[in-house]
Amino acid sequence: MALLTLSQIHKTFEKGTVNENHVLRGLDLEVNQGDFISIIGGNGAGKSTLLNSISGAVTIDEGDILLEGQSIRKTAVSQRAKDISRVFQDPRMGTATNLTIEENMAIAYLRGKKRHLFKKAVTDKDREIFKAALAELDLGLENRLKTDAAFLSGGQRQALTLAMATLVRPKLLLLDEHTAALDPKTSEMVMRLTKKIVEEQGLTTLMITHNMEHAITYGNRLVMLYHGKIVVDISGEEKKNLTVAQLMDLFHKNSGQALTDDALVLG
Ligand SMILES: Nc1ncnc2c1ncn2[C@@H]1O[C@H](COP(=O)(O)OP(=O)(O)O)[C@@H](O)[C@H]1O
Ligand SMILES: [Mg+2]
């Protein structure tokens, strides 16, 4: 059984207005347990809307979404968040900057727990768990538990957000251009961390990226979105052997768009 099944998903924004926008157009996708899927596609192709539909931030108009065979189409965002973690592009989105690193970790630790009573007092036992997860990042954050998240750099914050998203193992990890706002070197660092965490926990992951190299290098599968549908789905050896030039060519063939950088790069 697939971990996640999307069948015939449709989403139209601003229905019945002049701005009506049919974004997802009968999208089908089966995600297997342990899949690490890179998602690419031009600006406005519907990539973020796809992840938002899975997380519940967007309510779909038609179709169904099954997680482990159960429909989550009508499940509230907060309920879905017990199984589904997200990391966004903006480093400011993932952490609470008025809280310390350990307080942020404490919030993350509540995910999936029955009681959502946030207590600022962190126990020594909790602290050991947080430290172990932070040490994985190799940024020394485990020694800065009392530091406000506000004092962290963008890369450190994205790393912290990753640690928070995976502190309680999610069934599904959704990454929406989570390195796009970082400088190239920091972006590579966060990608390496992503790979490490995903592999160690065996996480099923959907990662939107505007970086063709990353799309090819990371993950076992690559899908391309065009006009709200998946037009390319490559995995295994075929994906491993793919070059950026071939990928650009595939994009060109499937979108009929001019082969400009903008077409792909502006996720
Ligand atoms: N909440 C929303 N309300 C109205 N329009 C939206 C909303 N979210 C996305 N859109 C529109 O849907 C289209 C697809 O957006 P998006 O999924 O963010 O594309 P991508 O992530 O592939 O660049 C865009 O035209 C965008 O403006
Ligand atoms: Mg997007």
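In the nomenclature of an unreviewed UniProt entry, the chain corresponds to ABC transporter ATP-binding protein from the organism Streptococcus ferus. For the chain, the Subcellular location (unreviewed entry) comment in UniProt is given as "Cell membrane".

Participant: Mind laying out the environment of glycine 154, listing which residues take part and the relevant values?
Facilitator: Tracing the backbone through its elements, the reader meets glycine 154 in helix α6 (residues 154–167). By relative accessible area, which is 28% here, glycine 154 ends up partly exposed. Note: C-alpha distance between glycine 154 and alanine 181 (27 residues apart in sequence) is 8.0 Å.

Participant: I'd like to hear about the pattern of salt bridges, residue by residue, with values.
Facilitator: For the coordinates displayed, the defined rule picks out 14 salt bridges. Note that lysine 195 is salt-bridged to glutamate 199, the shortest N-O span being 2.8 Å. Linking lysine 195 with glutamate 199, this pair stays in helix α7 (residues 184–201), spanning four residues, or about one helical turn. When its relative accessible area of 36% is taken as the criterion, lysine 195 is described as partly exposed. The salt bridge partner of aspartate 233 is arginine 221, with a shortest N-O separation of 2.8 Å. In this pair, aspartate 233 sits in strand β10 (residues 229–235) while arginine 221 sits in strand β9 (residues 221–226), placing the two residues 12 residues apart along the sequence. In this structure arginine 221 comes out as buried when scored by relative accessible area, which is 8%. If you follow the salt bridges from partner to partner, you end up with Glu102, Asp124, Arg127 and Lys146 in one network.

Participant: Please set out the nonpolar core residue by residue, giving values where relevant.
Facilitator: Core analysis: the largest hydrophobic core is formed by 33 residues, its most contacted members being Ile101, Met105, Leu134, Leu137, Leu141, Leu160 and Leu162. Looking at this core, the elements that each hand over two or more residues are α4 (101–109), α5 (124–135), α6, β7 (172–176) and α7. If near-sequence neighbours (up to four positions away) are discounted, methionine 105 is found in contact with Phe130, Ala133, Leu134, Leu160, Ala163, Met164 and Leu167. Counting residues in each nonpolar core, the second largest holds 26 residues, with Leu24, Ile37, Leu51 and Ile72 among its members.

Participant: Explain the packing of α4 against α6 residue by residue, including any values.
Facilitator: The contact between α4 and α6 brings their axes to 8 Å, and the two run at 30°. On the basis of the axis angle, α4 is roughly parallel to α6. With respect to the hand of their crossing, α4 and α6 are arranged in right-handed fashion. For the pair formed by α4 and α6, the contact residues are Ile101, Asn104, Met105, Ala108 and Tyr109 on the first element and Leu160, Ala163, Met164 and Leu167 on the second.

Rules behind the numbers
- Residues numbered from 1 in each chain as written.
- Chains lettered and ligands numbered in written order.
- Predicted model: local features only at pLDDT ≥ 70, side-chain atom pairs only at ≥ 80, totals over all residues.
- Heavy atoms only, no water.
- UniProt positions renumbered as here; feature names shortened; annotations may be inferred.
- Helix = DSSP H or I, 4+ residues; strand = E, 2+ residues; numbered from the N terminus.
- Buried < 20%, exposed > 50% of the residue type's maximum accessible area, 1.4 Å probe, protein only.
- Salt bridge = Lys/Arg side-chain N within 4 Å of Asp/Glu carboxyl O.
- Core = buried A, V, L, I, M, F, W, Y, C linked by side-chain atoms within 4.5 Å.
- Contact = heavy atoms within 4.5 Å.
- Axes fitted to C-alpha atoms, helices over the stretch in contact; angles between N-to-C directions.
- Parallel < 35°, antiparallel > 145°, perpendicular 65-115°, else oblique.
- Left-handed = near helix turned anticlockwise from the far one by under 90°.

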